[in-house]
Amino acid sequence: MSTNQRSSVVIVDDEEMVITSVRAYLELETEFEIHGFTEPEQAVKHMESHLVDIAVSDYLMPRMSGIQFLTRAKQLQPEVSRVLLTGHADKQSAIQAINEVGLYQYVEKPWENAQLLLIIQNGIERSKLLRELREKVSELDTAHSSLKNVQKRLLQAFL
Amino acid sequence: MSQTDPAEASSELASLRAKADRLAAQLVEEHKMAELGRLLASIVHEINSPIGSILSNNPVIIRSLEMLKAALASGDRAALEKAGRQVETCLSLAAIDKIACERISEVVRGLKTFVRADSADLRKADLNKQIESTLKLTHGQLRGRVAVETDFGELPPVACHASMLGQVFLNILVNAGQAIDGPGRISVRTRAEGGAVHISIADNGCGIKPEDRPKIFAGGFTTKAVGVGTGLGLCLSKKIVEETHGGSIDFESEVGVGTTFHIRIPVEQGNDPAARAGGRN
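Everything quoted here is computed from the prediction, not taken from an experiment.

Draft legend 1. Up close: the pattern of salt bridges. Residues and elements named next belong to chain B. Tallied over the entire structure, the rule returns 18 salt bridges over all chains. Of the charged contacts in the structure, one is a salt bridge between Glu 81 and Arg 77, with a shortest N-O distance of 3.9 Å. One end of the pair is Glu 81 and the other is Arg 77, both in helix H2 (residues 77–115) and four residues apart, which spans about a single turn. Among the residues examined, Arg 77 registers a relative accessible area of 66% and is labelled exposed. The partner of Glu 102 in a salt bridge is Lys 98, with the nearest N and O atoms 3.0 Å apart.

What follows is the structure in C-alpha cells.
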C-alpha cells in the first residue's frame, strides 16, 4: 500500500453530479486528493491498493448499499473514517445502520459545504491519529517482545 | 316511542345516505393524502441530491469568478492560469446545475399531474405519458432495487380523467414495488386493442396468496403492516377504472413468481358503461 503525503478522500455516489460538486468544492478549498466513484465496487477495488483517509458514501445505490460499502471499507482499512451522505427519506433506516456498523459521521442531503468540509477534515485527522497509534502500539509490541527476549537470554545465561 | 312516520323515515334514510356518501368521499381523499405522504418521502430523496449539488456549486462558482476578477485586475500570469483552470470547473458545474434543475422540475411536473384536482375534466390524454410521469414519482422508491422495463405501444389519445388513472397506475406500481423483497423487476406494457387501451403491469414479487385473491379489490383489505397500506388502493382503482371509465381491471398471480395487473380503458367514453367496456382475456 502506498503512503502519500496528500490526504486521500474517496467519494461514492451513484449520482455523478454529487461527486462533481463535492470534488469541485474540495479542490477549491483543500489540497486533498479526491477519488470519486459512481460504483461502490470500483471504490472497493481502489481501496484494496491505495491508502484512504476518509470514505464518504451515498446510502441508496444499486447493487451495493452505502452501509455495505463502508463495512467493506473498514475490513480493508480499519482506520479509515467513514461518512454516510444520504437523503432525508431514509434517515431512520440509515441511523439504525450507522449504529450497527459504527460510522464516524452522518450527513444529510442537501449537504452544507462548510459542514461537510469540517467533517472531512476531522475525519482525516482521526484516521491519521488512529494509524499513528497503531504504529506506536506495534512499535511498543516489538520493543516489548525484544526486551522479553533479552530478559530470557539473560536468565538463561545466569541460571 | 311512537311509530315512525314513513315520510320521516325516508327523509332520515336520505340524510343517512348523504352522510355515507360524504364519508366515502372523505375516505377517498384521505387515502389519496396517505399515498401522497408516502410518495413525498421518496420525492424528497429524489430531489435532495440535485438540490445539494446546486447549493454546493453556487458558492464555488462565485469564488471562482472572484478569483478570475482579481486575476484579470492584477494581470499576474500564474493567477490568470489558475483562474483559467477554475473557469473549466465552473463550466462543468453550470452544466450540472442545468441537469439538476431539470431533474427537480421533472419530479415536480410528475407530482402536478398526480394531484391535479380537476377530476370532472374529461380530456383526451396520452396514457403512455401519464404512466411515464407516474414512474418518475415512484423512481425514488424503486431506484437501485427494482428495475423498471417499459414497452410502450402506439396508443390513440384516450378520453379519460388522466390524473385519476395516474392514481390507479401509482397504486399498482407501489404495490408491485412492495411485493418485491430485495432486487426485482417491474414490466409495464401498453397496447391499443380494438376500441380500448390495454395496460399491463407485471412484477416478479411474492405473488398474491390464493385465499387473498378474491379479497384484494375489497375496501379495507390489506396484507401490509399498519401504517404502510390503507387497504383502499385497489378498491379505489377498481372504482376509477370500471365505474368512472367503463373499463376493466383484473390480475393473474402466482405465489413466488409474481403478479400481473391488466387494465383496459376504452378509447372513447360513451354513455353506456356496459357497451363501451373493452375486451377481456
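Draft legend 2. Representation of the packing of helix H3 (residues 127–142) of chain B against helix H4 (residues 162–179) of chain B in the model. Residues and elements named next belong to chain B. Look at H3 against H4: their axes get within 9 Å of each other, and the N-to-C directions meet at 40°. In terms of their interaxial angle, H3 and H4 are classed as oblique. Every pair of crossing elements has a handedness; the one defined by H3 and H4 is right-handed. Contact residues: Leu 127, Gln 130, Ile 131, Thr 134, Leu 135, Thr 138, Gln 141 and Leu 142 in H3; Ala 162, Ser 163, Leu 165, Gly 166, Phe 169, Leu 170, Leu 173, Val 174 and Gly 177 in H4. A class-by-class count of the residues in the contact of H3 with H4 yields ten nonpolar, seven polar and no charged.

Draft legend 3. Focus on the sheet that holds strand E7 (residues 258–266) of chain B. Residue and element names in this part refer to chain B. Strand order in this open sheet of five strands is E2-E4-E5-E7-E6, and the pairing throughout is mixed. Strand pairing shows two members of the sheet lacking a second neighbour, strand E2 (146–152) and strand E6 (248–254), which therefore form its edges. Neighbour-to-neighbour, the strand axes of the sheet open up by a mean angle of 15°, direction not taken into account. Judged from the seven bridges that link them, E6 and E7 form a sheet pairing that is antiparallel. Note that in E7 the partner of Ile 249 across the bridge is Ile 263. In this fold H3 packs onto E2, strand E4 (184–193), strand E5 (196–203) and E7, with an angle of close to 175° to the strand it touches most, E2.

Draft legend 4. How the structure looks around the nonpolar core. By size, the foremost hydrophobic cluster in this structure holds 35 residues, and its most contacted members are Leu127(B), Ile172(B), Ile186(B), Ile199(B), Phe261(B) and Ile263(B). At the level of secondary structure, the elements contributing two or more residues to this core comprise H3, strand E3 (158–160), H4, E4, E5, helix H5 (233–244), E6 and E7 of chain B. It is H4(B) that provides the largest number of residues to this core, a total of eight residues. If near-sequence neighbours (up to four positions away) are discounted, Ile263(B) is found in contact with Val168(B), Phe169(B), Ile172(B), Val197(B), His198(B), Ile199(B), Val241(B), Ser248(B) and Ile249(B). In this structure, Leu26(A), Val83(A), Ile61(B) and Ala100(B) belong to the second largest nonpolar core, which totals 29 residues.

Draft legend 5. View of the packing of aromatic side chains. Residue and element names in this part refer to chain B. For the structure shown, the criterion picks out three aromatic pairs over all chains. Aromatic side chains Phe 217 and Phe 261 sit 6.4 Å apart centroid to centroid with 90° between the ring planes, which places their arrangement in the edge-to-face category. Here the residue Phe 217 occupies a position in the loop between E5 and H5, and Phe 261 occupies one in strand E7, the gap between them amounting to 44 residues. Across this residue pair, the class does not change: Phe 217 and Phe 261 are buried.

Draft legend 6. Quick look at the side chain of Thr134(B). Residue and element names in this part refer to chain B. The topology assignment puts Thr 134 in helix H3. Look at Thr 134 and you get buried, because its relative accessible area is 3%. Ignoring anything within four residues of it in the chain, the contact list for Thr 134 reads Gly 166, Phe 169, Leu 170 and Leu 173.

Conventions used here
Residue positions are given per chain, counting from 1 as you read along its sequence in written order. All chains are assigned letters beginning with A, and all ligands numbers beginning with 1, in the order in which they are written. Whole-chain, interface and lining totals are the exception, using all residues; otherwise, since this is a predicted model, local features are given only for residues with pLDDT of at least 70 and side-chain atom pairs are given and counted only at 80 or more. Excluding hydrogens and water, the side-chain figures rest on all heavy atoms present in the structure. By definition, a salt bridge exists where a carboxyl oxygen of Asp or Glu is found within 4 Å of a side-chain nitrogen of Lys or Arg. Helix and strand definitions follow DSSP, with helices as H or I runs of at least four residues and strands as E runs of at least two, each counted in order from the N terminus. The buried label goes to any residue with under 20% of its type's maximum accessible area, the exposed label to any with over 50%, and the partly exposed label to all in between, with areas taken from a 1.4 Å probe on protein chains only. Fitting a line to C-alpha atoms yields each axis, with helices limited to the stretch in contact; the angle taken between N-to-C directions then spans 0 to 180 degrees. Angular relationships are summarised with four words: roughly parallel below 35 degrees, roughly antiparallel beyond 145, roughly perpendicular across 65 to 115, and oblique for the angles in between. Handedness of a helix crossing follows the sense of rotation of the near helix relative to the far helix, less than a right angle counterclockwise being left-handed and clockwise being right-handed. Between two residues, a contact is recorded if the distance between any of their heavy atoms is within 4.5 Å. Throughout, the ten residues Ala, Val, Leu, Ile, Met, Phe, Trp, Tyr, Cys and Pro are labelled nonpolar, Asp, Glu, Lys and Arg are labelled charged, and all others, Gly among them, are labelled polar. Only strands joined by at least two bridges in the DSSP assignment are considered to pair. In this text, buried Ala, Val, Leu, Ile, Met, Phe, Trp, Tyr and Cys residues form a nonpolar core when linked through side-chain atoms within 4.5 Å. Paired rings are identified among Phe, Tyr and Trp, the last through its six-membered ring, by centres lying within 6.5 Å, and are further divided according to the angle between planes into stacked (under 30 degrees), edge-to-face (over 60) and tilted (the rest).

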